[in-house]
Amino acid sequence: DKDILILAIETSCDETAAAVVKNGREVLSNVISSQIELHKLYGGVVPEIASRKHIEKINPVIEEALSTAGVTLDDLDAVGVTYGPGLVGALLVGVAEAKAISYAKHLPLVGVHHIEGHICANYIENKTLEPPFLCMVVSGGHTHLVMVKDYGKYEILGRTRDDAAGEAFDKVARAIGLGYPGGPKIDRLAKEGNPKAISFPKAHVDGAPLDFSFSGLKSSVLNYINSCKMKGEPIVESDIAASFQEAVVSVIAEKTMLAAQMYGIDKICLAGGVASNSALRSRMRECADANGFLLFYPSPILCTDNGAMIGAAAYYEYMAGTRHGLDLNAVPNLKI
Ligand code: KG4
Ligand code: ZN
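Residues numbered from 1 in each chain as written. Chains lettered and ligands numbered in written order. Predicted model: local features only at pLDDT ≥ 70, side-chain atom pairs only at ≥ 80, totals over all residues.

The chain is annotated in an unreviewed UniProt entry as tRNA N6-adenosine threonylcarbamoyltransferase of Catenibacillus scindens. The heading Subcellular location (unreviewed entry) in the UniProt record of the chain holds the text "Cytoplasm". Reading the Sequence similarities (unreviewed entry) entry of the UniProt record for the chain gives the comment "Belongs to the KAE1 / TsaD family." (UniProt positions renumbered as here; feature names shortened; annotations may be inferred.)

Written out as structure tokens, the structure is:
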């Protein structure tokens, strides 16, 4: 069979990313231009700035992805692009670019769901991984327990009722003065703190054992900080970071194990930016081992937003016959 070479583009948030992926699992290049330094100044992603920066970076990033892979546009079989969910102005840059390349080079256009991309990141380093498996998707915008029934076939078993896991990390980081993006900073600081120092609530949702809620936890961290200030007690940031992280990690691990037991599945994957959290990875490993489940997670660089994961997802969509027309539009609240 002929090799399928896909150029994949990702611009849904604050990374301008492009990759060339062969047969869905072999990454020939994976170029990521991060805008973090820019958005840091404002304590979070500023959508208008993100769009402008994507416009500036998209062509050089694609050129680098092609040259690193040693290919030209003429070697490609398709163009894949994230068309949702995400920031509309940011998504539009990638979508317009992909449409232009598709039109100019007569290449099939394959729109990809961003979360499907995160899930498919697991295929890249685990060459033999195949559905069905359970995937816990934890990113800045999403917290979904997903049953991957087959390539391109997903069922959401549980989701957050309010904040996403990554959002909680970012908000708590801001509250203890760590700055944006908070996840990696809390991960680092927590290593110096005591996860049992403060008992934060491990929020459960009544009657929905596979759903999540992180806003109460976030408020309780803020209340704790305020009460320390009022009582004139010292605020130990490392203990707050470690105890907050413990609350998030234990809930995610517990619910993922419960879902695997409920649905009788023994293969589990992690995906999304928060899947690069070191405490989450080791706790999930312990729990999976204790239950006899197989656990996979991508390397950290493939957990946070990147083009390679979109290339992996685009390949399976392409093989399933998914083709988008030049009327493809960005869909900021796209459902999986
Ligand atoms: O998947 P992603 O790159 O973008 C979205 O699709 O949202 O995830 C970004 C999120 C941010 O909230 C960031 O703080 C979080 O992932 N994150 C982490 C870590 N690295 C990134 N959270 C906890 N620990 C980390 N090491
Ligand atoms: Zn993402």
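Grouped together as the largest cluster of nonpolar side chains are 101 residues, with contacts concentrated most on Ala18, Ala19, Ala65, Cys135, Ala312 and Ala314. If you tally residues by element for this core, the top one is helix H8 (residues 237–263), at 12 residues. Here this core gathers at least three residues from each of two domains, domain 1 (5–120 + 303–319) and domain 2 (130–298). Not counting residues up to four positions away in its chain, the partners in contact with Ala314 are Ile6, Ala8, Ala78, Gly80, Val110 and Val112. (Core = buried A, V, L, I, M, F, W, Y, C linked by C-beta atoms within 7 Å. Buried ≥ 20, exposed ≤ 12 C-beta atoms within 10 Å, placed from the backbone. Helix = DSSP H or I, 4+ residues; strand = E, 2+ residues; numbered from the N terminus. Domains from an automatic or database assignment. Contact = placed C-beta atoms within 7 Å.)

Next up on the list: the site of ligand 1. Of all residues adjacent to ligand 1, which total 19 residues, the nearest are Gly140, Gly166, Gly183, Gly273 and Asn277. At 4 residues, helix H6 (residues 182–190) tops the list of elements feeding residues into the shell around ligand 1. For the shell around ligand 1, the class distribution of residues is 5 nonpolar, 11 polar and 3 charged. (Near = placed C-beta within 6 Å. Nonpolar A, V, L, I, M, F, W, Y, C, P; charged D, E, K, R; others polar.)

This part takes up the UniProt feature "binding site: substrate" (unreviewed entry) in the chain. In the numbering used here, UniProt assigns the "binding site: substrate" (unreviewed entry) feature to Val137, Val138, Ser139, Gly140, Gly141, Asp170, Gly183, Asp187 and Asn277. Tracing the backbone shows Ser139 in the loop between strand S6 (133–138) and strand S7 (143–150). Residue Ser139 is classed as buried on the basis of its C-beta count, with 24 C-beta atoms lying within 10 Å. The contacts of Ser139, once residues within four sequence positions are left out, are His118, Ala164, Gly166, Gly272, Gly273 and Val274. By the element assignment, Asp187 lies in helix H6.

Here we take up the UniProt feature "binding site: Fe cation" (unreviewed entry) in the chain. When the UniProt feature table is mapped onto this chain numbering, "binding site: Fe cation" (unreviewed entry) sits at His114, His118 and Asp305. For the residues just named, distributed over 192 residues, the greatest C-alpha separation is only 8.9 Å, placing them together at one site. Within the secondary structure, His118 sits in helix H4 (residues 114–125). Taking the C-beta count within 10 Å as the criterion, His118 has 31 such neighbours and is therefore assigned buried. Sequence-distant contacts of His118, that is, excluding residues within four places in its chain, are made with Val137, Ser139, Ala271, Gly272 and Met309. Here Asp305 is to be found in the loop between helix H10 (300–303) and helix H11 (307–319). Overall, Asp305 belongs to the buried group, with 27 C-beta atoms counted inside 10 Å. Not counting residues within four places of it along the chain, the set of residues in contact with Asp305 comprises Glu10, Ser12, Cys13, Glu15 and Ala17.

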